[in-house]
Amino acid sequence: MDQTRARLLRCFAAVFPGLSETALVSASLGQVEGWDSVATITLLSLVEEEFGVEFQPEDLERQTSFARILDHLATRGHA
Amino acid sequence: MKLIEALEILRAAPKGDTPSCNFFLASGFTPLHLASFLAAELQQRLPAQSVRMHTGPFGDLAARLEALETGGLAGVAVAMEWPDLDPRFGARRLGGRSGDPVELLESSQASLARLEKRLAGIAEALPVAISLPSLPLLPLSTVPGWQASTLELGLHSLLAAFAERVAQAGARVVSAERLAQLSPSTQRADLQSELLAAFPYTRPHASRLASLLAQNLVPPAPLKGLITDLDGALWSGLLGEDGVAGVAWDLDHHAQRHGLYQQLLRSLADSGVLIAAATKNEAGLVAEALGRGDLLLPADRLYPVQAHWGPKSASVTRILAAWNVGSDSVAFVDDSAMERAEVAAAHPGLLCLGFPERDDASLLAFLDRLRDLFGKPRVLEEDRLRRESLRSARVVREAAADSPAAPDLFLEQAEAHLELSFASDPGDARALELVNKTNQFNLNGQRVSESAWRAALARPGAFLLRASYQDKYGPLGRIAVLAGCRDEAGVQVEAFVLSCRAFSRRIEHRCLERLFAHFDVPEIAFDFAPTPRNGPLRDFLAELLGRAPESPTRLRREDFAARCPPLYQSVRET
């Protein structure tokens, strides 16, 4: 899980470069400035690329925080 | 490049006081990852600057370009797709499609005419890179997919004509062939992304397209010279064993690959690339072989030819001296790994390439690579003069060396003539090329982008002095450029370059003499900065100053007049 978390942190840091690690771990849509629809698409694209998973259109509305994406990855075998 | 790599490149880009370099990406779709990839590709090519990628609202591409303010931009990239010709070609628009190909073609033609007009205008002022539609057309036709429809054929015909016209206007069109090599057509479209986010490309395709757009906007500096082996490279066979008639480069002797190599070398030579030969052979035999009338690379395109039994590294040393260029601007081609290793050890900066003698598939990749290493967006008149002027430069050097007591006599009898122009022409590609490729006689080694060059020359008080030279040994073309600004502080020279082919003729002295006269000032300031290779410029300033130049430095007119040697060129100022 620590490795998955570190890899996910790298994705978040690439999209939100100004945030500290603590802020990234607790980041969520609506709470982070600059997290808009473009940032969501970019973020999910990075996660797809990094973990080899595919998101569906409905995931755009579901994957709205670091914690949720981490949980989603766990269900896809990235525990 | 992966998307995360692109974002991390941008995150690590220089910030703060670093000069920014602004580009615009125009597309009818949301640029999304294409913008990130393109910015990262450009950032890698411009490490000393901070690249900023601007994009506009997506939708009507032609309208976006018509509204574009180009001031402050270093370049414009345009990623076209089929809906830019007619929105009915897009997957995001419904509402019924006309089945009339004639009407769709007419509409596409009108859109392309609008784009062409605007792009030609932008290309006059800025580098413009254009990618033509790279995604498959939606299935619109009633003919089966294995048959090209009249609509498809008509669209491709319109696009080809459009691309040719915008290229003639100065825009750079991404090679569809190269894109096809890098990005297979079946792996380009992402319909889910297009429907969801109006971004129609897969990430790999966006990355590869961005790379080609960036190469067109900021092309790498082409190499200047190629040194080729003869046996096993320029021809098949060993001259010493097979004899002059025994070496071959044709189909009959299963040696066609050598003929293809010769053909490419001839094209490169005719575009101004210096080609020399280094071979371990008897000089007389080589001269005889190079005299064969069926050689596709005529012997006069080879200069110089080094044929002896000594190490090839020594040949390379002599060739570089004859060309007066650094090893990092040159490639060496030899089929022998041992020879390449020997040359590479002696010339670490030299690019050593193996000639793929037995592998036809590798040959095409090899020829493609040569084209990339030496190709340039356009060929100038000076490129055509380069080889002959190097020969004459050698004559000048040798003649001067033969009469060290009387160099003035030699220069006096050279019948030299200089054409000087103070007319500012920011679009003169040769002037910018000289600034960006000259290493030795270069005031400060600074490389300048096309847009920065244009902006600098557009400032109030900016000046540009260009010099063309010829003497009884032949024309050299435009070989010197001096640029700067005159304001209340005086005359400031910011760029001063002289082609190495034009050394030893006191052209640099004449340029300064005319600059003092033109502005009638008692002193000129120079943005001099030492570089590892600009010793000739440093020595020139030291000779006039009577001391080593500071950085920056100032030269008084009275010192120049006292120390300037006699000048013999006739001068015409235009």
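Please refer to the structure placed before this passage.
In this report, we go over the structure that sits alongside the text. What you see is a predicted model, and the numbers here were worked out from it, not measured in a lab.

About the criteria used
- Residues numbered from 1 in each chain as written.
- Chains lettered and ligands numbered in written order.
- Predicted model: local features only at pLDDT ≥ 70, side-chain atom pairs only at ≥ 80, totals over all residues.
- Helix = DSSP H or I, 4+ residues; strand = E, 2+ residues; numbered from the N terminus.
- Rg over C-alpha atoms; globule rule 2.2 N^0.38 Å.
- Buried ≥ 20, exposed ≤ 12 C-beta atoms within 10 Å, placed from the backbone.
- Contact = placed C-beta atoms within 7 Å.
- Pairing = 2+ DSSP bridges.
- Right-handed = clockwise from strand over helix to strand, strands pointing away.
- Axes fitted to C-alpha atoms, helices over the stretch in contact; angles between N-to-C directions.
- Parallel < 35°, antiparallel > 145°, perpendicular 65-115°, else oblique.
- Left-handed = near helix turned anticlockwise from the far one by under 90°.
- Nonpolar A, V, L, I, M, F, W, Y, C, P; charged D, E, K, R; others polar.
- Core = buried A, V, L, I, M, F, W, Y, C linked by C-beta atoms within 7 Å.
- Expected span 1.5 Å × (residues − 1).

### A short note on the overall build of chain B
Right, so step 1: Helix and strand counts for chain B come out as 21 helices and 17 strands.
Right, so step 2: Here the C-alpha radius of gyration of chain B, 27 Å, is about what a compact globule of 574 residues would show, namely 25 Å.
Right, so step 3: Taken along its principal axes, the extent of the C-alpha atoms in chain B is 90 × 75 × 40 Å.
Right, so step 4: Burial status across chain B gives 40% buried among its 574 residues.

### Considering the overall build of chain A
Right, so step 1: What chain A contains, in helices and strands, is five helices and zero strands.
Right, so step 2: Secondary structure elements of chain A, listed N to C terminal, follow the sequence α-α-α-α-α.
Right, so step 3: The globule rule puts the C-alpha radius of gyration for 79 residues at 12 Å, and the 11 Å found for chain A is close to it.
Right, so step 4: If you take every contact in chain A between residues at least 6 apart in sequence, the share linking residues at least 24 apart comes to 55%.

### Comments concerning the pairing of strand 4 (residues 128–131) of chain B
All names here are of chain B.
Right, so step 1: Of the two faces of strand 4, the one lined by Val128 and Ile130 and the one lined by Ala129 and Ser131 are each fully buried.
Right, so step 2: Sheet analysis places strand 4 next to strand 5 (residues 172–173), joined by two bridges and oriented parallel. Following the sheet pairing, Ala129 is matched in strand 5 by Arg172.
Right, so step 3: Note that the unit made of strand 4, helix 5 (residues 150–168) and strand 5 has a crossover that is right-handed.

### Here we look at the packing of helix 4 (residues 101–125) of chain B against helix 5 of chain B
Residue and element names in this part refer to chain B.
Right, so step 1: Helix 5 packs onto helix 4 with a crossing angle of 15 degrees between their chain directions and a minimal axis gap of 10 Å. Here helix 4 lies roughly parallel to helix 5, going by the angle between them. Seen along the crossing, helix 4 lies across helix 5 with a hand that is right-handed. Here helix 4 contributes Pro101, Leu104, Leu105, Ser108, Gln109, Leu112, Glu116, Leu119 and Ala120 to the contact with helix 5, which in turn contributes Thr150, Leu151, Gly154, Leu155, Leu158, Phe162, Arg165 and Val166.
Right, so step 2: For the contact of helix 4 with helix 5, the class distribution of residues is 11 nonpolar, four polar and two charged.

### Brief notes about the pairing of strand 6 (residues 225–228) of chain B
Residue and element names in this part refer to chain B.
Right, so step 1: Of the two faces of strand 6, the one carrying Gly225 and Ile227 and the one carrying Leu226 and Thr228 are both buried.
Right, so step 2: Alignment of strand 6 against strand 7 (residues 274–280), held across four bridges, turns out to be parallel. What sits directly across from Thr228, in strand 7, is Ala277.
Right, so step 3: The sheet contact formed by strand 6 and strand 9 (residues 330–334) spans four bridges and is parallel.

### Some thoughts on the nonpolar core
Residues and elements named next belong to chain B.
Right, so step 1: In this structure, Leu34 and Leu38 are the most contacted members of the largest nonpolar core, which totals 82 residues.
Right, so step 2: For this core, the element with the highest residue contribution is helix 2 (residues 32–45), accounting for eight residues.
Right, so step 3: Beyond its immediate stretch of four places on either side in the chain, Leu34 contacts Leu25, Ser27, Ala79, Tyr201, Ala206, Leu209 and Ala210.

### Focus on the sheet that holds strand 3 (residues 73–79) of chain B
Residues and elements named next belong to chain B.
Right, so step 1: Judged by pairing direction, the sheet is parallel, and its five strands sit side by side in the order 2-1-3-4-5 without closing on themselves. Each edge of the open sheet is held by one strand with a lone partner, namely strand 2 (50–55) and strand 5.
Right, so step 2: Taken together, the six bridges between strand 1 (residues 20–27) and strand 2 define a ladder with parallel strand orientation. Pairing of Leu25 across the sheet is with Thr55, part of strand 2.
Right, so step 3: The strands that helix 4 touches are strand 3 and strand 4; relative to strand 4, the one it contacts most, it runs at about 145 degrees.

### Considering the packing of helix 2 of chain B against helix 8 (residues 203–217) of chain B
Angle between the axes and distance between the axes are the two parameters that describe a pair of packed helices.
Residues and elements named next belong to chain B.
Right, so step 1: Between helix 2 and helix 8, the shortest axis-to-axis distance is 8 Å and the interhelical angle comes to 40 degrees. As judged from the angle between their axes, helix 2 and helix 8 are oblique. Helix 8 is crossed by helix 2, and the crossing has right-handed handedness. Where helix 2 approaches helix 8, its residues His33, Leu34, Phe37, Leu38, Glu41, Leu42 and Arg45 are matched on the opposing element by Arg203, Ala206, Ser207, Leu209, Ala210, Ser211, Leu213, Ala214 and Leu217.
Right, so step 2: Grouping the constituent residues of the contact of helix 2 with helix 8 by class yields 10 nonpolar, three polar and three charged.

### Quick word on the interface of chain A and chain B
Right, so step 1: Each partner contributes to the interface: chain A provides 12 residues, whereas chain B provides 12 residues.
Right, so step 2: Of all the secondary-structure elements, those providing two or more residues to the side of chain A that touches chain B are helix 1 (2–15) and helix 3 (37–51) of chain A.
Right, so step 3: It is helix 3 of chain A that provides the largest number of residues to the side of chain A that touches chain B, a total of six residues.
Right, so step 4: The residue inventory of the side of chain A that touches chain B, partitioned by class, reads eight nonpolar, one polar and three charged.

### A short note on helix 3 of chain A
Every α-helix winds through 3.6 residues per turn, so residues three or four apart in the chain are directed the same way.
Right, so step 1: A rise of 1.5 Å per residue sets the reference length of helix 3 of chain A, with its 15 residues, at 21 Å; its end C-alpha atoms lie 21 Å apart and thus fit the reference within 8%.
Right, so step 2: A:Ile41, A:Thr42, A:Leu43, A:Leu44, A:Ser45, A:Leu46 and A:Val47 are the residues of helix 3 of chain A that are buried.

### Here's the deal with the environment of B:Val174
Right, so step 1: Mapped onto the fold, B:Val174 is located in the loop between strand 5 and helix 6 (176–182).
Right, so step 2: Measuring from C-alpha to C-alpha, the distance between B:Val174 and B:Ala77 comes to 10 Å, with 97 residues separating the pair along the chain.

### Overview of unusual backbone geometry
All names here are of chain B.
Right, so step 1: Across the junction of Tyr303 and Pro304, the peptide omega takes the value -10 degrees, indicating a cis bond.
Right, so step 2: A cis amide bond links Ser551 with the next residue in sequence, Pro552, at an omega value of 0 degrees.
Right, so step 3: In this fold, Pro552 is placed in the loop between helix 20 (535–545) and strand 16 (553–556).
Right, so step 4: In the Ramachandran plot, Ala198 falls in the positive-phi region, its phi being about 60 degrees despite a non-glycine side chain.
Right, so step 5: Along the polypeptide, Ala198 turns up in the loop between helix 7 (191–197) and helix 8.
Right, so step 6: Unusually for a residue other than glycine, His254 sits at a positive phi of about 55 degrees.
Right, so step 7: Structurally, His254 can be placed in the loop between helix 9 (239–242) and helix 10 (256–270).

### What to know about the sheet that holds strand 6 of chain B
Residue and element names in this part refer to chain B.
Right, so step 1: Sheet architecture is open: five strands sit in the order 8-7-6-9-10, paired in parallel fashion. In this open sheet, the two edge strands, each paired with only one partner strand, are strand 8 (302–308) and strand 10 (351–354). Each strand axis lies, on average, 20 degrees off the axis of its neighbour in the sheet, ignoring direction.
Right, so step 2: Alignment of strand 7 against strand 8, held across five bridges, turns out to be parallel. Paired with Thr279 across the strands is Ala307, a residue of strand 8.
Right, so step 3: On top of the sheet, helix 11 (residues 283–290) reaches strand 7 and strand 8; it is set at about 140 degrees to strand 8, its chief contact.

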